[in-house]
Amino acid sequence: MNIEKELHETGGFLNLDLLAKQVVEGYISGMHKSPFHGFSAEFAEHKIYNTGESTRHIDWKLFAKTDKLYTRRYEEETNLRCHLILDNSASMHYPKLKNQSLTSLNKIGFSVLASACLMHILKRQRDAVGISIYSDEFEYYAPEKSSERHHHMLLNKLNEILKKPAKRKTTDTYTYLHQIAEKLKRRSLIFLFTDMFQADTDEEKLFEALRHLKYNRHEVILFHVMDEKRELEFNFENTPRRFTDVETGMEVDLYSDNIRENYKKAVEQYLAELRMQCAKYRIKYVEADINKNFDNIMTAYLLEKQKFG
């Protein structure tokens, strides 16, 4: 897949100037809530109010509690900081496709194209973007920068993911989300693209890793990328079939009809718990079914009212 070519053919992004103005500026200004004009700022600390200073930044709520005047001091922050996290395990390369395009994407293809779209919009805002990629190892890390050179470096890295054949890589989401959370010291907008599959870790540990991403008041958006037709509905022909775990290589022979009902019940229960955990910790959950129109998924997300703070 040629990311640049597909990016410009993405219907939902044909008018990027308008989209950036109506959507991105809205949620960026909401995130920063700057009291100043000309730049964004982030609250740093309180200091005692001195007679003669402007009363503009007095914290009146704190005054009501303490009967003392304090002003809010701010730390200048000229750009929004955004960090993209991609799960590059073998299960994300399912289903196996010879060629990928806007109308034919597997899970990693969707994640790469969505990341490129977000990068393109944020670039127009001169915002800083970084990327982390993991599987059974921490494959790549690039801190948040806004330069043209950095942008092209990240696009090249996304292209590399698609060009490399899918290897039998397990997922270590739990370990590497914790490591990534520790690296992100300043408040950031975080996009996580993953199918949330990890066979050897219990659900609670995965949810714990998601919670860690809220560290330092980060805003977290989870794009849960799935092939719902096969991975949720278990829609396979009812003929003798050998199923192979793409990460562990384990095999099992069965008729799909024999286990479909119990399988769907188990997956739906897991998804319900995942959504509940995301809601509990204010993580935005975005369902991304690769069988659905890419434009519709991304445009619906971007046009949804985003208020951070």
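Residues numbered from 1 in each chain as written. Predicted model: local features only at pLDDT ≥ 70, side-chain atom pairs only at ≥ 80, totals over all residues. Heavy atoms only, no water.

## A word on the overall build of the protein
We apply this condition: Only DSSP runs of H or I reaching four residues or more are called helices, and only runs of E reaching two or more are called strands; each is numbered from the N terminus. Think of it in three bands: residues with accessible area under 20% of the maximum for their type are buried, residues over 50% are exposed, and the middle band is partly exposed, with areas taken using a 1.4 Å probe on protein chains only. By definition, residues are in contact when any of their heavy atoms lie within 4.5 Å. The protein chains shown are the only cover counted for residues, whose accessible areas, like all others here, come from Shrake-Rupley with a 1.4 Å probe.
Assigned secondary structure in the protein consists of 10 helices and 10 strands. Counting over 309 residues, the protein shows a buried share of 48%. Sequence-distant contacts, at least 24 apart, represent 75% of the contacts inside the protein between residues at least 6 apart. Total accessible area on the protein stands at roughly 16300 Å², and carbon and sulfur atoms take up 48% of it.

## Digging into the pattern of salt bridges
Inclusion rule: Definition used for salt bridges: Asp or Glu carboxyl oxygen within 4 Å of a side-chain nitrogen of Lys or Arg.
For the coordinates displayed, the defined rule picks out 10 salt bridges. In this structure, Asp 227 and Arg 230 form a salt bridge, with 2.6 Å as the shortest nitrogen-oxygen distance. On the basis of relative accessibility, which here comes to 26%, the residue Arg 230 falls in the partly exposed class. The residue Glu 287 makes a salt bridge to Lys 292 at a minimum N-O spacing of 3.8 Å. Classification of Glu 287 as partly exposed rests on a relative accessible area of 36%.

## Looking at helix α4 (residues 107–124)
To keep it simple, the criterion reads: The length a helix should cover is 1.5 Å for every residue beyond the first.
The first and last C-alpha atoms of α4 sit 26 Å apart over 18 residues, in line with the 26 Å expected at 1.5 Å per residue. Positive backbone phi, approximately 60°, marks Arg 126, located one or two places after α4.

## Some points on the nonpolar core
Rule in force here: As used in this record, nonpolar core signifies buried Ala, Val, Leu, Ile, Met, Phe, Trp, Tyr and Cys residues forming a set joined through side-chain atoms within 4.5 Å.
One finds Leu 84, Phe 110, Leu 158, Phe 191, Phe 193, Phe 223 and Phe 294 to be the most contacted residues of the largest nonpolar core, which totals 40 residues. Here this core gets 10 residues from one element, more than from any other, and that element is α4. Here Leu 84 is in contact with Ser 115, Leu 118, Met 119, Val 129, Gly 130, Ile 131, Ser 132, Phe 191 and Phe 193, once residues within four sequence places are set aside. In this structure, Ala 181, Leu 213, Leu 232 and Tyr 285 belong to the second largest nonpolar core, which totals 26 residues.

## Some words on the sheet that holds strand β3 (residues 81–87)
The line we're drawing: Here, a strand pair is defined by DSSP locating no fewer than two bridges between the strands. To obtain each axis, a line is fitted to C-alpha atoms, and for helices this fit is confined to the stretch in contact; angles are then taken between N-to-C directions over 0 to 180 degrees.
A sheet is described by the order of its strands in space; here six strands give the open sequence β5-β4-β3-β6-β7-β10, paired in mixed fashion. Only two strands of the sheet have a single neighbouring strand rather than two, namely β5 (138–145) and β10 (284–289). With strand direction ignored, the average angle separating the axes of adjacent strands in the sheet is 15°. With six bridges connecting them, strand β6 (residues 189–194) and strand β7 (residues 219–226) associate as parallel partners. Along β7, the bridge assignment pairs Leu 189 with Glu 219. Here α4 sits on the sheet and contacts β3, β4 (128–134), β6, β7 and β10; the angle it forms with β3, its principal contact strand, is near 170°.

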